[in-house]
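Understanding the architecture of this molecule
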Amino acid sequence: LPFSVSGTYGSSSACVQIIQSAPSYLFCDAGTGLTGFVKEWRQQSEEKGPETFHFFLSHLHLDHLIGLGSFEPAYLPENHIVFHGHHPETQAVLEGLMDSPTFPVPFRDWPARIQFDIRPEGEVFQIENLLVESILQNHPDKSYGYRFRSGRHCVVYSTDCEHTEEAFKADYPFLDFFR
């Protein structure tokens, strides 16, 4: 089909919010889709108190981070932002991405309290009321999928994974992860 029928302009890159009962916000990746959240967040209330924002980064490619520059909560000193993942270089990548000449406000100067929670690959951990598991995915520069559990509920976030012929095997590890 021609592009005018099958394609579109203006799509957002990866950013998914998982809404939970806990008082904080939880995102998987921070692509341009994050700007939609900021618009809604701004309209919720003029007077905001301290808030916590958790970001689970699948990998450090630009299309999964580019929404952070316009993430308004990062510019408020009462807020707390936590970056979770398995890439030891996360802080260095974010500082490099948001530094002169590519960005006017250096990452290290953000007023919000920034924390990096970088875990060993495969570690299962708890964030508020969620049990978090991850799986290494087939993608350049290492990508991780995440599974979030709370009681009987479970959500899996898996993007940018190239499944090979291994996916047709009965013992393919992603089958149990997704199940």
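Attention in this report is confined to the structure presented alongside it. Computed from a prediction, not measured in an experiment: that's the story for all the values here.

Here the focus is the packing of aromatic side chains. Here the structure, examined in full by the defined rule, presents 23 aromatic pairs. An angle of 80° between the planes, with centres 6.3 Å apart, marks the rings of Phe-27 and Phe-71 as edge-to-face. On the criterion of sequence distance, the pair formed by Phe-27 in strand 2 (residues 25-28) and Phe-71 in the loop between strand 3 (52-56) and strand 4 (80-85) is long-range, its members being 44 residues apart. Judged on exposure class, the residue Phe-27 and its partner Phe-71 are both buried. When the ring of Phe-107 is compared with that of Phe-116, the centres are 6.1 Å apart and the planes differ by 55°; the resulting orientation is tilted. You can call Phe-107 buried: its relative accessible area is 3%.

This part takes up the pattern of salt bridges. A side chain of one charge can pair with a side chain of the opposite charge if their charged atoms are brought near each other. The full count for this structure, using the stated rule, is nine salt bridges. Residue Glu-133 pairs with Arg-149 through a salt bridge whose shortest N-O separation is 3.2 Å. Taken together, the residues Glu-133 in strand 7 (residues 130-137) and Arg-149 in strand 8 (residues 143-150) connect sequence positions 16 residues apart. It is possible to trace a salt-bridge network through shared partners that takes in Asp-117, Arg-119 and Glu-123.

Procedures and definitions
- In this numbering scheme, every chain counts its residues from 1 along its sequence in written order.
- Reporting in this predicted model follows two pLDDT cut-offs: at least 70 for local features of residues, and 80 or more for side-chain atom pairs to be given and counted; totals over whole chains, interfaces and linings ignore these cut-offs and use all residues.
- The side-chain values count all of the structure's non-hydrogen atoms but skip hydrogen atoms and water molecules.
- By convention, a stacked pair of Phe, Tyr or Trp rings (six-membered ring in the case of Trp) has centres within 6.5 Å and planes under 30 degrees apart, an edge-to-face pair has planes over 60 apart, and any other such pair is tilted.
- Helix numbers and strand numbers start at the N terminus; a helix is a DSSP run of H or I with at least 4 residues, a strand a run of E with at least 2.
- Burial classes: relative accessible area under 20% of the type maximum marks a residue as buried, over 50% as exposed, and values in between as partly exposed (1.4 Å probe, protein chains only).
- Each salt bridge in this description consists of a side-chain nitrogen of Lys or Arg and a carboxyl oxygen of Asp or Glu lying within 4 Å of one another.

So far we have only geometry, and geometry alone does not tell us how the molecule works.
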